[in-house]
Amino acid sequence: MTPRRRTLLAAAGVFAASVVVGTGATVGYGLATGFDRAAERADLPDVIARFDTEGRGRVDARVRALPNLAARSYRREVKQVPLAAPGHATNRGIAQIVLGGRRGYAITEGHDVRRREVVIERGLARAWDLHPGDLLEIAGARLPIAGIALSPDNVAFPLTVTPRVYLDAATVPPGFRDPNLALLWLADPGRADITLTQARATSFGIGHLEFITRDGVRVLLGQAAGIVISLLVAFSLVALAAAGTMLAASAHADVQRRLPSFGVRRALGFTPGALVLAQAAAAARVAVPAAAAGLAVGALAVAGPTRNLLAQLNEEAPGVALVPVLLACLAGVSLLVCAASAWPAWRAARRPPAEVLRGADLAPPRRRRGAGRLRAGLLGTGARFALAARARWAASVATVAMCAGVVGLMFALASLLVRLRDDPGTVGKRYELVARLPPEDAGAVRAIPGVADAAPRYVTDAADSFRLGEPLRLIAYPGDHTRFEAPPLADGRRLRTDGEAEVGVGLADALGLRPGATLAVQVPGGSEVRFRVSGVVRALENDGRLAYVRPARLLAADPVLGSELAVRLSPGADRDRVADGLSRLGAPPPRPAGAATTRDAGFLGVLAGVLRGVGLAVGLVCLYALVQALAMTARERRGAVALLRACGGGDGAVAAVLAGAALAVVVPAAVAGIALQRFVLGPLVSRWAAGFADLPLNPGVGQVVLVAGGLAALTAAATAVVARRAMRESVVAGLREE
Amino acid sequence: MGRGSGPRGRMALALAALTAAAVALAAPGCGATRGAPAAAAPSTLQATLVDPDGDGRLERGPGEPLRDRSDLGGGGRPGAVLATFAQLTDTHVRDEESPARVPFLDRMGGAFSSTFRPQEALSTQVLAAAVRAVNRARPDVVLVTGDIVDSAAEDELDQALAVLDGGRVDPDTGARGYDGVQQASDPDPFFYRPDLDAPRYPHLLRDAERPFTSPGLAAPWLPAIGNHDVLVQGEVPPTRRIDALATGTRMVVGLDPALVPRRPVDSAAAVDRLLAESAPGRALRVPADPRRRSLRPAELLARLTGRRAAPAALRAAAGRPTLDYTADLGPAVRVIVLDTANRAGGSRGLLRPAQLTWLREALRRAAGRAIVVATHNPLDGTDGGAAALAALDATPGVVAVVSGNGHRNRIRPHRTAAGGYWLIATSSLADFPQQARMFRLRRAAGGYALETWMVDHDGAGVAGPARELAFLDAQGGRPQGFAGTRADRNARLFVPAGG
């Protein structure tokens, strides 16, 4: 192999790993900061207060007296508004009537709302292909679209089924100008709890007051997409770490290749320091352009899908803000390559030149037990060739193992997302159907053939009564809730009385709760309900920000709190027959129990695009590692290959030797990769994405087979490429070298 | 804790409701830190507490120099100092654990406000902090212009006198420890619970109930009577039924809003009417304390005039039906104290004809001196006040009428044919800014210059959190602008010759 080719091969390795870094950084940074960027751009308020419609003067008298208040504005929100545009219609629109003041949304196209115009949310514009100047029918009135707005206080339509439009107060009758929504901007958002405490204390006479802080909105947006975003961010971090490992291994292997030249230069009087500097400089010359190209390609590959993903969440893509991140990645990759090159070079250069010239490895020679036990034959010969350079073999195995681990993780992730979407059991739910029937019908439902159990399930979204901005969900069953939902206990015990609660780890972490602590909840009616925490459960729903309780205290605080019946089916029960039975009781068609991620096809499609981009990059790295390992082996064993050919060995024989060398790398790498995914990467992603729950990210048999199959295919491809190149060489030249 | 709905409970409930209703309707003015800001300066002339960035956090800011105000004429360079005196007003020392309190009325909306204050358990400590601050200013005398206590209760007066005269102060009543609406075990989010709600002050209530020692005012102090000193919640004359409620164990903490009148009503009549109705409400069970009974006006006056440390001028007023008296601040200045509390009920001031006659005589006797009048209610908010003002208008040498009641700093010129004098109202210790006021009367160009400036209390101990909470209170002095403008605080008020 010519020096130019070797350089190109090394650059290809840096490029491929940088592609992974680029994709990981783009996805991870975009998702981790998308909300903050959108909130900043939209001037999202620090607190949004919802309440029963009230005279503006009366509300404002309370609001303007609040401490730490920098600005305020009001809106009237009207729900269930019919919206229609050519080819599209919904009756679930939300019209927000802007009553002056700061907006809390950003106009991304067109201009702000004026009389007899409408501004629509970006999600609606994208989904219905609407633009400024188009007409939108709102409750029968056709209004021109003045602009497109971005407001990250909810996910975008159609991820949420309620598209939002904004109207000027002058457009609506006077009866719609009293507010039911207040937007508050605080002088110090870190002291929002103080403002909210005062707001609550002076809220007398204002019905159904509910607050949500900017942090609460962030949580809700995360919940709207389920666990997906957290998983993606965690996955990106793992991909970044994997890429770092690959780079280090690749650089290490490159130094191995250069050892003879180190010996010569040391013999000529070069100092170890000069050699190391030269090696680092050479590595930098290769790494910087290759990494820059790889990062750019990686970023571009996933920029589109990431932008779409963020748009569905009403968040903002980083745009040029990504450039400093990529530059930092470039610096990091370059430094890593230089360091990974310099360190083994330093170790090698400090040893006696004669030892280096004899072709010694970086480490002192050890007894090679494995090689001796390999059986003869072409495959075995190839394996011995690969194992002869132990350090390079280890670096290649590490690279491919990391690739295999990351790919395995992706498969596990995809499988988990499907289960989270379709299988309520994944989130600890043991019931399959939800029927809209009153609690007193539970007995009748239990009598339906195929129904194993049924009980009313009360759900209310509330807030922590002491901090106010922390949203949480209360789920109440009369009696033993574990018949229907049984997330595993992480601490304490199950609840036994009306005054006890099992809280999710997410909630326990947010509020510092543990068994014996008090959970104080402000329910939507304004009352405070308290529970003693009996246990902490690893629940996945609602990011673990939930509490299981019994309904008595909730109903005492809110007697009109509604419920639905959770229906658990007997094994093998016919759902249709059960549905018929429920309908005979007057229930509308039952719906399946919900799981933990969105079902929106568009969102999941975008997600698949992102994962594909990362997967492609990881596959490239894997292919590179194998080709590099085989090419190095073929070059070192040029004479042996020539001898084999001289003795009558054809393409197949050479390919068999190279395949043996490849298998010596791939087989242990596959095992190590699967173990890596099972014991390191999976738990790591699970903990980063959802430390509050147990995410099943273990590889299944099918996934193991898929990873192994992929590696086999890559092995075949790498073998074919290198064998073809080896067969093009002159036999005589090879024999002369031998 | 328990719920009560018996006749006794209903009576208590109705009484409490009406009491506070009347307070809120008729007298809105009377009825407005680990982490605490740095200790206040000796006076706001050097430094004061401000919230420059509007985040609800008080910080030490620059002082506010005196502003010359020549609205009445006069001016020139001030000369010799004739007297230096201080004013403390509306100190509202309260027994926040008393069943006679009505903190729940805030949530009824309408005209009700400030029946609950987040810092209400700290009134004795705030007063002690103000006493220390005033002492540092070394006044010759201190005017304590009414609403010394919050609800005419005996235990409240005991505490207030202990703070003002000096000695051991025990803010705790009933059983040891805090029993009331702010305790952490009370799941009522409308009341600030310092152990739980923001800003969190764990153990604040425990500290609030701890006995402490007050240095007492170093200078003699002259009290004026306010409506809260003689009326329950500043509104309703004490009765046996109210005493039974106050010394009982049932503290009403929630009330059916439908029972609360929405328009101004005659308090006594409404109480009678409501006592006959059933009034379901949430209640706490608290330990009884006989010291929570209401003092009758004569008892109050006897306690004030009979104090061992009472100045002779005050002792001389003993036995009168109203606490009207005069005191000399040196040879050139006379203070005339008027009792404006209406014993029949209500927070509006009242001067009876006999008091007006006494006032005219007192003014006549003060001829040749500078005259300062001290009252609880501003005279222009007092029945009979117009006649009193007319008497002052006709008297040379009147410099100022110093009052409280409104919880707001305000200085207005009162012009007369002869020149005029100043009407000065001072903020309360119950609400932000929790300041006292200093005065220094000097001669100036043939007339007078009355220099006045505010004094922040020292914020030591729990007084710091008390001021922070008062500042944050969305019904309190911050949003209502009780601190007034700069011209209402630190000013040099010229009174022309002949005024």
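Along each chain, the written sequence defines residue order, and numbers are assigned to residues from 1. For this description, chains carry letters from A and ligands carry numbers from 1, given in the order in which they are written. Two thresholds apply to this predicted model, a pLDDT of at least 70 for residue-level local features and 80 or more for giving and counting side-chain atom pairs, whereas whole-chain, interface and lining totals are computed over all residues. As a rule here, side-chain values cover all heavy atoms of the structure and leave hydrogens and water aside.

1. Considerations on empty space enclosed by the protein
Residues and elements named next belong to chain A.
- Cavities and pockets were defined on a 1 Å grid built from protein atoms only: a cavity is a group of points that admits a 1.4 Å probe but offers it no way out, a pocket is an open group of points flanked by protein on both sides within 12 Å along at least five of seven lines, and a lining residue is one with an atom within 4 Å of any such point. Grid points are joined across faces, edges and corners, and a volume is the space filled by probe spheres set on the points. Taken as a whole, the largest cavity spans an internal volume of roughly 150 Å³.
- Along the walls of the largest cavity sit 14 residues, with Arg62, Val63, Ala199, Leu209 and Phe211 positioned nearest its centre.
- Where the lining of the largest cavity is concerned, the elements lending two or more residues are helix H2 (56–63) and strand S9 (181–186).
- In terms of residue count, the dominant contributor to the lining of the largest cavity is H2 (three residues).
- The residue makeup of the lining of the largest cavity, split by class, is eleven nonpolar, two polar and one charged. Counting from the N terminus, the helices are DSSP H or I runs at least four residues long and the strands are E runs at least two residues long. Under the convention adopted here, Pro, Cys and the residues Ala, Val, Leu, Ile, Met, Phe, Trp and Tyr are nonpolar, Asp, Glu, Lys and Arg are charged, and Gly plus all remaining residues are polar.

2. Observations concerning the sheet that holds strand S12 (residues 333–337) of chain B
Residues and elements named next belong to chain B.
- Reading across from one edge, S11-S12-S14-S16-S18-S17 is the order of the six strands in this open sheet, with mixed pairing throughout. Strand pairing shows two members of the sheet lacking a second neighbour, strand S11 (325–328) and strand S17 (410–416), which therefore form its edges. Within the sheet, the average angular offset between the axes of one strand and its neighbour, ignoring direction, is 20 degrees.
- Working rule for contacts: check all heavy atoms of both residues, and any pair within 4.5 Å makes them a contact. Axis definition: a line fitted to C-alpha atoms, limited for helices to the stretch in contact. Angles are taken between N-to-C directions and run from 0 to 180 degrees. Where helix H10 (residues 353–365) meets the sheet, its contacts fall on S11, S12 and strand S14 (370–374), and the angle it forms with S12 comes to roughly 175 degrees.
- Here helix H11 (residues 385–393) sits on the sheet and contacts S14, strand S16 (398–403), S17 and strand S18 (419–425); the angle it forms with S18, its principal contact strand, is near 135 degrees. DSSP calls a pair of strands paired once it identifies at least 2 bridges connecting them.

3. Considering the confidence of the model for chain A
All names here are of chain A.
- Across chain A, pLDDT averages 84, with 88% of residues at or above 70.
- Taking the mean pLDDT of every element in chain A, the minimum, 46, falls on helix H10 (residues 369–373) and the maximum, 97, on strand S5 (residues 118–121).
- Per-residue pLDDT stays below 50 along residues 367–375; that stretch engages in nine contacts with residues further than four places along the chain or on separate chains. As a per-residue quantity, pLDDT reports the predictor's confidence and falls between 0 and 100.

4. Looking at the pairing of S16(B)
Residues and elements named next belong to chain B.
- Buried, partly exposed and exposed residues are distinguished by accessible area as a fraction of the type maximum, computed with a 1.4 Å probe on protein chains only: under 20%, between the cut-offs, and over 50%, respectively. Extensive coverage of S16 is indicated by the burial of six of its six residues.
- Judged from the four bridges that link them, S14 and S16 form a sheet pairing that is parallel. Across the sheet, Ile371 pairs through a bridge with Val398, a residue of S16.
- Bridge analysis of S16 against S18 gives four bridges, and the strand direction is parallel. The residue bridging Val401 from the neighbouring strand is Leu423, located in S18.

5. Considerations on a nonpolar patch on the surface
All names here are of chain A.
- Side chains of Leu379, Leu663, Val667 and Val671 sit close together on the surface and give an oily, nonpolar patch of about 350 Å² of accessible area.
- Here the nonpolar patch gets three residues from one element, more than from any other, and that element is helix H19 (residues 651–690).
- Within the secondary structure layout, Val667 lies in helix H19.
- On the basis of relative accessibility, which here comes to 48%, the residue Val667 falls in the partly exposed class. In this scheme, patches are assembled from residues that exceed 30% relative accessible area and form no salt bridge. Like charges are connected within 9 Å, while nonpolar side chains (Val, Leu, Ile, Met, Phe, Trp, Tyr) are connected within 5 Å. A 1.4 Å probe and the Shrake-Rupley method give the accessible areas. Residues count as covered only by the protein chains that appear here. Here, a salt bridge means any Lys or Arg side-chain nitrogen found within 4 Å of an Asp or Glu carboxyl oxygen.

6. Focus: the sheet that holds strand S4 (residues 81–88) of chain B
All names here are of chain B.
- The seven strands are arranged S3-S21-S20-S19-S4-S5-S8 in an open sheet whose pairing can be described as mixed. Both outer strands of the open sheet, strand S3 (67–69) and strand S8 (221–224), are each paired with one neighbouring strand and no more. Sheet twist, expressed as the mean angle between neighbouring strand axes with direction ignored, is 20 degrees.
- Where strand S20 (residues 447–456) meets strand S21 (residues 491–495), five bridges bridge the pair, whose relative direction is antiparallel. Counted as the bridge partner of Tyr448 is Val495 from S21.

7. Overview of the pairing of strand S19 (residues 435–444) of chain B
All names here are of chain B.
- For S19, the buried fraction is high: eight of the ten residues fall into the buried class.
- Looking at chain direction, S4 and S19 are connected through six bridges and run antiparallel. When the bridges of S19 are listed, Val81 appears paired with Arg442.
- Direction of pairing for S19 relative to S20: antiparallel, over a ladder of ten bridges.

8. Things to note about the interface of chain A and chain B
- Every contact between the two is made by 24 residues of chain A and, on the other side, 30 residues of chain B.
- Considering only the side of chain A, the residues that lose the most area to chain B are Arg191(A), Phe204(A) and Phe466(A), jointly responsible for 27% of the buried surface there.
- Applying the counting rule to chain A against chain B returns three salt bridges.
- One salt bridge in this structure joins Arg200(A) and Asp197(B), with 3.2 Å as the shortest N-O distance.
- Here a polar contact is recorded for every N or O atom pair within 3.5 Å, except that within protein the pair must consist of a potential hydrogen donor and a potential acceptor, and residues adjacent in sequence are included only if both atoms are side-chain atoms. For the pair chain A and chain B, the number of links is nine residue pairs in polar contact (both at pLDDT 80 or more).
- When contributions to the side of chain A that touches chain B are tallied by element, the ones reaching two or more residues are helix H4 (192–201) and strand S17 (528–537) of chain A.
- The element that contributes the greatest number of residues to the side of chain A that touches chain B is H4(A), accounting for six residues.
- For the side of chain A that touches chain B, the per-class residue count stands at nine nonpolar, nine polar and six charged. When two components associate, each loses some accessible surface as probed by a 1.4 Å sphere; the sum of these losses over both components is called the buried area.

9. Observations regarding unusual backbone geometry
- Following Phe157(A), the chain continues to Pro158(A) via a peptide bond in cis, the omega torsion being 10 degrees.
- Turning to its location among the elements, Pro158(A) is positioned in the loop between strand S7 (141–150) and strand S8 (164–168).
- Between Ala198(B) and the following residue, Pro199(B), the backbone shows a cis peptide bond with an omega angle of -5 degrees.
- With respect to the secondary-structure elements, Pro199(B) resides in the loop between strand S6 (167–169) and helix H4 (204–208).
- Non-glycine residue Ala445(B) carries a positive phi angle of around 45 degrees.
- On the accessibility criterion, Ala445(B) (63% relative accessible area) is exposed.

10. Section: the environment of Asp43(A)
Residues and elements named next belong to chain A.
- Within the fold, Asp43 resides in the loop between helix H1 (3–42) and strand S1 (47–50).
- The sequence separation of Asp43 and Arg103 amounts to 60 residues, and the corresponding C-alpha distance is 7.6 Å.
- For Asp43, the residues in contact, after removing those within four places along its chain, are Arg102, Gly104, Trp185 and Arg214.

11. Things to note about the packing of helix H3 (residues 154–165) of chain B against helix H8 (residues 297–305) of chain B
Residues and elements named next belong to chain B.
- Where H3 contacts H8, the axes come no closer than 12 Å and their chain directions differ by 15 degrees. If you check the angle between H3 and H8, you find them roughly parallel. Here H3 runs over H8; the crossing is right-handed. Residue-level contacts link Glu154, Leu157, Asp158 and Leu161 of H3 to Leu300, Arg303 and Leu304 of H8.
- Looking at the contact of H3 with H8 residue by residue, the class counts come to four nonpolar, no polar and three charged. Orientation labels follow simple angle bins: below 35 degrees gives roughly parallel, above 145 gives roughly antiparallel, 65 to 115 gives roughly perpendicular, and whatever is left gives oblique. Each helix crossing is assigned a hand: it is left-handed if the near helix lies turned anticlockwise from the far helix by less than a right angle, otherwise right-handed if that turn is clockwise.

12. Brief notes about the nonpolar core
- Put simply, a nonpolar core is a bunch of buried Ala, Val, Leu, Ile, Met, Phe, Trp, Tyr and Cys residues held in one set by side-chain atoms that sit within 4.5 Å of each other. In this structure, Phe85(B), Leu88(B), Val142(B), Trp221(B) and Leu450(B) are the most contacted members of the largest nonpolar core, which totals 96 residues.
- For this core, the leading source of residues is helix H2 (residues 123–137) of chain B, giving seven residues.
- Among all residues touching Leu450(B), those that are not within four sequence positions of it are Phe85(B), Val399(B), Ala400(B), Ile424(B), Phe439(B), Arg440(B), Leu441(B), Ala491(B), Arg492(B) and Leu493(B).
- Counting 59 residues, the second-largest nonpolar core is a separate cluster that includes Cys622(A), Val627(A), Val641(A) and Leu697(A).

13. Some words on the pattern of salt bridges
- One pass over the structure, following the stated rule, counts 58 salt bridges over all chains.
- Taking the shortest distance from any N to any O, the salt bridge between Asp188(A) and Arg57(B) comes out at 3.8 Å. On the criterion of chain membership, the pair formed by Asp188(A) in the loop between S9 and H4 and Arg57(B) in the loop between strand S1 (47–50) and strand S2 (59–62) is interchain, its members lying in two chains.
- Look at Arg57(B) and you get partly exposed, because its relative accessible area is 34%.
- When the shortest N-O distance is used, the salt bridge between Glu299(B) and Arg293(B) registers 2.6 Å.
- Judged by relative accessible area, Glu299(B) falls into the partly exposed class, the value being 28%.

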